[in-house]
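Residues per chain are reported as follows:
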Amino acid sequence: MLPRILPNLAFRRWDRPRRHPLNVVVSVTYRCNSRCRTCNVWQRPGVDELSLAEWERVFAGLGTAPYYLTFSGGEPFIRPDLADIVAAGYRLCRPAVITIPTNGLLPDRVLAQTQAILKATPGAQVGINLSLDGVGAQHDDIRGVPGAWERAMRTYQALRELDAPNLVLSIHTVVSRFNVADLPAIYAGLAALAPDSYITEVAEERVELGTMGAGITPSPDEYAHAAAFLIEQLRRRPVQGFARVTRAFRMQYYQLAARILREQRQVIPCYAGWSSVHIAPDGDVWTCCTRAEPVGNLREAGFDFDAVWFGERADALRRSIRAGECACPMANVSYTNMLLHPPTLLRVATSMFARS
């Protein structure tokens, strides 16, 4: 990552050198078999999803710039060709890290496709993030599907039994007004499952998810309390090696998200539109899924990524972001922002060495 930092800093500041994003999220579908209280993506009208052959053209246009490649939805495993799409992304982009979130409602398909993905991506770290917003009945209630917890547990146990050196099995919790008060109990219950990693993200109103005005986000005080709890749990957990780096970044993210919610501004510069991009199921290109403002469509542009990414609409949206006209605590983009913010990197390093 280090050789990529300075060019990305320069791209945002001086518009040169123009770069392809290093953090790429592709939503392969809007379809979802959950009915979450924090997400209305399943209510979106159907779209003409990009085919496997079209996704291959997308990845070829991106080239080898992406370091992180996330395959999202909807529920990504709804697509029976997900493993083929991920394999194409790996073959053409060569990312170091691949992340796939899932609600775990399709245990057999998730297991079979994950096995195929792991086999096709030997040089990447593959993170499967199982979304659990509570324990037992609380999870079912928030996710809107009776029996969701039981099916998610079947998925988790099946993935836990895989013997794959490049698999990182994580549990992911969306902290919302529906569960923020119960976070210590939820944390204890999910930690007992012994995932490779436990991560959380604050529920936020996003255009993509159809949650604008839905009131799903915890209050700044509620989230600040939750963030302090999560940071304390991280401090208590002994880690070695690279896990110390991820822990230090996670602690910084919780503090950053709390400040953004309270101050309603970009606490550190946002690199959505420069170093991060989101590609929708129909080929629309967004700087991020919070605003979800298309700067062009790859299918309409003949899959010429440069024509869209360096076009006038993208430049206009970048000017808006640079001017601080939006602010959000979205985790995916925030981690890239922190990586490209030297003061945050210094705090991460200080945190690591202070606990060595």
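Residues numbered from 1 in each chain as written. Predicted model: local features only at pLDDT ≥ 70, side-chain atom pairs only at ≥ 80, totals over all residues. Heavy atoms only, no water.

Chemist: Help me understand the overall build of the protein chain in this model?
Modeler: For the protein chain, the count of helices and strands is 13 helices and 8 strands. In terms of overall dimensions, the protein chain is globule-like: its C-alpha atoms have a radius of gyration of 19 Å, near the 21 Å expected for 356 residues. Relative to its full complement of 356 residues, the protein chain shows a buried share of 57%. Expressed as a percentage of contacts within the protein chain between residues at least 6 apart in sequence, the contacts between residues at least 24 apart total 76%. Of the roughly 14800 Å² of accessible surface on the protein chain, a fraction of 54% belongs to carbon and sulfur atoms. Charged side chains in the protein chain number 39 positive and 34 negative. The centres of these two groups are separated by 7 Å. (Helix = DSSP H or I, 4+ residues; strand = E, 2+ residues; numbered from the N terminus. Rg over C-alpha atoms; globule rule 2.2 N^0.38 Å. Buried < 20%, exposed > 50% of the residue type's maximum accessible area, 1.4 Å probe, protein only. Contact = heavy atoms within 4.5 Å. Areas by Shrake-Rupley, 256 points an atom, 1.4 Å probe, with all protein chains shown as cover. Lys, Arg positive; Asp, Glu negative; His and termini not counted. Charge placed at Lys NZ, Arg CZ, Asp CG, Glu CD.)

Chemist: Got a minute to help me understand the packing of aromatic side chains in this structure?
Modeler: Two descriptors summarise a pair of aromatic rings, namely the distance from one centre to the other and the angle between the planes of the rings. Applying the stated criterion across every chain yields a total of 9 aromatic pairs. Ring geometry for Phe 59 against Phe 71: centres 6.1 Å apart, planes inclined by 70°, an arrangement best described as edge-to-face. On the criterion of sequence distance, the pair formed by Phe 59 in helix α2 (residues 52-62) and Phe 71 in strand β2 (residues 68-72) is long-range, its members being 12 residues apart. A single burial state applies to Phe 59 and to Phe 71, both of which are buried. For the ring pair Tyr 253 and Tyr 254, a centre distance of 5.8 Å and an interplane angle of 55° mean the geometry is tilted. Overall, Tyr 253 belongs to the buried group, its relative accessible area being 0%. Positioned above the aromatic ring of Tyr 30, the side-chain terminus of Arg 44 is 4.0 Å from the ring centre. A cation sits over an aromatic face here: Arg 318 above Trp 309, 5.3 Å from the ring centre. (Phe/Tyr/Trp six-rings, centres within 6.5 Å; stacked < 30°, edge-to-face > 60°. Lys NZ or Arg CZ within 6 Å of the ring centre and 35° of its normal.)

Chemist: It is not clear to me how unusual backbone geometry should be interpreted in this structure. Could you clarify?
Modeler: Apart from glycine, the bulk of residues carry a negative phi angle, and the bulk of peptide bonds sit in the trans form. Omega for the bond connecting Arg 16 with Pro 17 falls within 30 degrees of zero, at -10°, which places this linkage in the cis form. Looking at the element boundaries, Pro 17 is found in the loop between α1 (2-14) and β1 (23-27). The omega angle of the peptide bond from Gly 73 to Gly 74 is 15°, so this bond is cis rather than trans. Within the secondary structure, Gly 74 sits in the loop between β2 and α3 (82-93). Look at Ala 194: it is not a glycine, yet its phi comes out positive at around 55°. Along the chain, Ala 194 turns up in the loop between α7 (183-191) and β6 (197-202).

Chemist: Any chance you could explain the environment of Leu 298 here in plain terms?
Modeler: With respect to the secondary-structure elements, Leu 298 resides in the loop between β8 (285-286) and α10 (305-309). Among residues more than four places away in sequence, those in contact with Leu 298 are Val 58, Ile 279, Gly 283, Val 285, Phe 303, Asp 304, Phe 305 and Val 308.

Chemist: Looking at this model, I keep getting lost on the packing of helix α9 (residues 243-263) against helix α12 (residues 331-339). Mind explaining?
Modeler: In contact at an axis separation of 10 Å, α9 and α12 are set at 110° when each is read in the N-to-C sense. Compared by their axis directions, α9 and α12 come out roughly perpendicular. For the crossing formed where α9 meets α12, the hand is right-handed. The residues of α12 that touch α9, namely those facing Phe 249, Arg 250, Gln 252, Tyr 253 and Leu 256, are Ala 331, Ser 334, Tyr 335, Met 338 and Leu 339. (Axes fitted to C-alpha atoms, helices over the stretch in contact; angles between N-to-C directions. Parallel < 35°, antiparallel > 145°, perpendicular 65-115°, else oblique. Left-handed = near helix turned anticlockwise from the far one by under 90°.)

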